[in-house]
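Each chain, written out:
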Amino acid sequence: MQVVCESVLWKYHQLKDEGFTVKVRMTNFRNVEYISTEMSCKTEHWDHDNNEPLPYCPTYSRLVSRIKEIKEDIDFELKLAKKQGENISIKELKQRVEKKPENTPITAPKKRILEFYDVIIEELEKQGRTGYADVFKANKGIISNHLLCYRDRHFHELKSGDFLDLENYIRTLKTESTKSNYLRSFYALWNLAIKRGLCPKEHHPRHFISFQPYKKIRTKKRAISEVYIKMIEKLEYDYSSRPFRSQKYFLFSYYCRGMNFTDMAKLKYDEHILNGHINYKRSKNKRHYSFELHPKAWKIVQIFKVYPMQSEGGYVFPILDLYHDTPRKIATRIDSALKDFNEDLLEFEKQINCPKHLTSYVSRHSFATNLRKNKVDISIIKEAMGHETEFQTNTYLEDIDDSLVAQAIKNALK
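Given the structure is predicted, the values throughout are model-derived calculations rather than measurements.

Student: Looking at this model, I keep getting lost on the overall build of the protein. Mind explaining?
Tutor: Tallying secondary structure elements over the protein gives 16 helices and eight strands in all. Residue pairs at least 24 apart in sequence account for 59% of intrachain contacts in the protein once pairs closer than 6 positions are excluded. A total of about 21900 Å² of accessible surface is found on the protein, and carbon and sulfur atoms cover 51% of it.

Right under this line is the structure:
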C-alpha cells in the first residue's frame, strides 16, 4: 500500500489557547485517516506552504519530534505488513500505529524492558497475530544480549552510552534489511512504552541513535520462467512421498494465482473449494478472494481428495490436522511444513538446474512475471494478485525481473 503522510493543522476546532491540534494525515488514493500528535500550534506559527511548524513556534522541537515519531511508526507498520504479505487497509494501519487495543490494561509504570516485551508478545498471541509476536520475540533476544547483557532494567535506567553500544552492534549486521528490522522493532516497543506511561518521550532512543532505518529495501529477484515451471511439472516422485506432495503444493500455488503457503495450508473442502471455484479469506490481511480455479489447480485438488494421507480436520492438503486448534499450534505446524517444503524445492532446483534459488515465494513472483511476459495487462495482474493498487503490482514486477525493460530498450534503439 502506498501512503502519503503530511502534518496538518486541524482547523475544524479551535482550542482554548487559540491554537489548533496538529495531526498527521495519511492518504491512500481517496482514503484518508488522521492521527493526532496530541499537540497544538497557532496559525501564525505554522508554515502553511510546507505543512510544518515554523522554527519560532514555542514547541517547535517537541512538535517536530512527535510528527517524525508518528511518520516512522507508520513506515514501520507498512514495512512489517509488507514483510508478512499483508494488504492492510489505511484504517487498520491507523489502529496499529495508535496501538490502543480494546480492554488492554495500562501496564504499571514499574514494568521493566524485558517484562514489557513479554506483555506485548502475550497480547499479540491472544490476538492471533503470531507473526508479529515472533518479530518481538526475536528482537527481545537481541536487546537482552547486546543492550541489557541479560539483566532486565527499567526504561529510564538506560543512558546514551547504552544506546550507542546498541547502535554499534546494529552496524555490524550484514544487511540493511536486518539492521532496519531490529531497529524498527525496538523503536516500536519503545513507542508502546511511552504511550503506556513507562518512560518519557524525551528518553526515546532515536534521540541518541544516529543510524536511520533503511527506507527502501529491494527484495531479491525470485521469478522463474515458464520453461522451469514445466520442468518441475515433469519431475516424477513416488506417489506417497513428501517430494510428490511438495511438487503439487508448488504447482497449486503457481496456478492458484501465487497463493501464499499459509493460506494454502488452511484451505478446507466444504468451506473454501466447491465445483472448481475457490472462496477464501487471506489469513493476514483478512481480505476475501473468490475466483475460478485454473484447470491444473483443480486437478491437484482432485488428487488430494483421494490421497492416502488425509487431514481429519477437513483440510484440502495433509498439512494441518484436527489437533491444530489454536493460532499458535497452526502457526508452528505451518512453519515446520514450510521448512520441509523449501528443502524439497532446493532438490527440485538442483534437478532442473534452475538459475534461481527456489523457495515458497517463487511461485507468486513467477505467476506475476509470466503473466506480464505473455503481455497480460497490468490491471489484470493486479486483480489476479489481489493488490489494492497497480503501484503494489509494479513493485512486484520491478523486484522480479527487468528483462522486459531491457528487451524494450533493444527494440526501441535498433
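Next, the rest of the story.
Student: Any chance you could explain the packing of aromatic side chains here in plain terms?
Tutor: Two descriptors summarise a pair of aromatic rings, namely the distance from one centre to the other and the angle between the planes of the rings. For the structure shown, the criterion picks out 24 aromatic pairs. A ring pair is formed by Phe155 and Trp190, whose centres lie 4.9 Å apart and whose planes are at 80 degrees; its orientation type is edge-to-face. Taken together, the positions of Phe155 in the loop between α4 (130-146) and α5 (160-172) and Trp190 in helix α6 (residues 176-195) put the pair 35 residues apart, joining distant regions of the chain. Classification of Trp190 as buried rests on a relative accessible area of 0%. Where Tyr249 meets Phe261, the ring centres are 6.4 Å apart and the plane angle is 70 degrees; that geometry is what we call edge-to-face. One end of the pair, Tyr249, is in helix α8 (residues 242-255); the other, Phe261, is in helix α9 (residues 261-265), with twelve residues separating them in the sequence. With respect to class, Tyr249 is no different from Phe261; both count as buried. Site record: aromatic cluster; members linked through ring pairs are Tyr239, Phe244, Tyr249, Phe252, Phe261, Phe304, Tyr307, Phe317 and Phe341. One Lys or Arg, Arg257, reaches over the ring of Phe291 and ends 4.0 Å from the middle of that ring. Above the face of the Tyr315 ring, Lys268 is positioned so that its terminal group lies 4.8 Å from the ring centre.

Student: For this particular structure, what's the right way to read the pairing of strand β3 (residues 31-41)?
Tutor: Residues in a regular strand project their side chains so that they alternate between the two faces of the sheet. Of the strand pairs in this sheet, strand β2 (residues 20-28) and β3 are connected by nine bridges, and their pairing is antiparallel. Residue pairing across strands places Arg25 opposite Tyr34, the latter belonging to β3. Hairpin geometry of β2 and β3 is characterised by an intervening segment of two residues between the two adjacent antiparallel strands and by a positive phi of about 55 degrees at Phe29.

Student: Teacher, can you tell me more about α5 here?
Tutor: For α5, which comprises 13 residues, the first-to-last C-alpha distance of 19 Å matches the rise-based estimate of 18 Å (1.5 Å per residue) to within 8%. Among all positions of α5, only Asp162, Phe163, Leu166, Glu167 and Ile170 are buried. Looking straight down α5, one finds its buried side chains confined to an arc of 140 degrees; they lie on one side. For α5, the secondary structure elements touched by its buried residues are α4 and α6.

Student: Which parts of the structure should I look at to understand the pairing of strand β1 (residues 4-14)?
Tutor: Relative to β2, β1 runs antiparallel, the two sharing eight bridges. By the bridge assignment for β2, Leu9 is matched with Val22. In textbook terms, the turn of a hairpin is the stretch between consecutive antiparallel strands, and for β1 and β2 this stretch comprises five residues, one of which, Glu18, has a positive phi near 70 degrees.

Student: When you look at the pattern of salt bridges in this model, what are you seeing that I'm missing?
Tutor: Close approach of charged atoms allows side chains with opposite charge to pair. Here the structure, examined in full by the defined rule, presents 24 salt bridges. Across the salt bridge formed by Arg25 and Glu6, the nearest N and O atoms sit 2.2 Å from each other. Of the two residues, Arg25 is situated in strand β2 and Glu6 in strand β1; the sequence distance between them amounts to 19 residues. Given the relative accessible area of 29%, Glu6 is considered partly exposed.

Student: What is the right way to read the nonpolar core from this model?
Tutor: One broad trend across soluble globular proteins is that nonpolar side chains are buried collectively. Counting 49 residues, the largest nonpolar core has Phe250, Phe252, Leu267, Ile278, Leu293 and Phe317 as its most contacted members. The biggest single contributor to this core is α8, with seven residues. Contact partners of Phe317, with chain neighbours within four places excluded, come to Tyr249, Phe252, Met264, Leu267, Ile300, Phe304 and Ser311. By size, the runner-up hydrophobic cluster in this structure holds 34 residues, among which are Phe155, Ile170, Leu183 and Ala188.

Student: How do you make sense of unusual backbone geometry when you look at a structure like this?
Tutor: The general pattern is negative phi for most residues beyond glycine and trans for most peptide bonds. For Phe29, which is not glycine, the phi dihedral falls at a positive 55 degrees. In this fold, Phe29 is placed in the loop between β2 and β3. Backbone geometry places Asn275, a non-glycine residue, at a positive phi of 50 degrees. Relative to the elements of secondary structure, Asn275 occurs in the loop between β6 (273-274) and β7 (277-281). Judged by relative accessible area, Asn275 falls into the exposed class, the value being 65%.

Student: What exactly am I supposed to notice about α6 here?
Tutor: Given 3.6 residues per turn, any residue in an α-helix points the same way as the ones three and four places further on. Taking 1.5 Å as the rise per residue, α6 with 20 residues should run 28 Å; its terminal C-alpha atoms sit 28 Å apart, in good agreement. Among the 20 residues in α6, 14 count as buried, and that is most of the element.

Student: How do you make sense of the side chain of Ser185 when you look at a structure like this?
Tutor: Within the secondary structure, Ser185 sits in helix α6. Overall, the relative accessible area of 4% leaves Ser185 in the buried class. Excluding its chain neighbours within four sequence positions, the residues that come into contact with Ser185 are Phe76, Val135, Phe136 and Asn139.

Conventions we followed
- Throughout, a residue's number is its position along its own chain's written sequence, starting from 1.
- Thresholds applied to this predicted model are a pLDDT of at least 70 for local features of residues and 80 or more for the giving and counting of side-chain atom pairs; totals over whole chains, interfaces and linings are not thresholded and use all residues.
- Hydrogens and water are ignored here; the side-chain numbers use all heavy atoms of the structure.
- Secondary structure elements follow DSSP: runs of H or I no shorter than four residues count as helices, runs of E no shorter than two count as strands, and numbering proceeds from the N terminus.
- Contacts were defined at the residue level, with two residues in contact if any of their heavy atoms lie within 4.5 Å.
- Surface accessibility follows the Shrake-Rupley procedure with a 1.4 Å probe radius. Residue values consider only the protein chains on display as shielding.
- Planes of paired rings set the category: under 30 degrees apart is stacked, over 60 is edge-to-face and the rest tilted, where pairs are Phe, Tyr or Trp rings (Trp by its six-membered ring) whose centres lie within 6.5 Å.
- Note on classification: 1.4 Å probe, protein chains only; a residue is buried when its accessible area is under 20% of the maximum for its type, exposed when over 50%, partly exposed between these limits.
- The criterion is that NZ of a Lys, or CZ of an Arg, lies within 6 Å of the ring centre and within 35 degrees of the ring normal, and then a charge sits over that ring.
- Criterion used throughout: strands pair if DSSP finds at least two bridges between them.
- In this analysis, the expected span of each helix is defined as 1.5 Å times one less than the number of residues it contains.
- When we speak of the arc, we mean the arc of directions from the helix axis to the C-beta atoms.
- Here a salt bridge means any side-chain nitrogen of Lys or Arg lying within 4 Å of a carboxyl oxygen belonging to Asp or Glu.
- In these notes, a set of buried Ala, Val, Leu, Ile, Met, Phe, Trp, Tyr and Cys residues joined through side-chain atoms within 4.5 Å is what counts as a nonpolar core.

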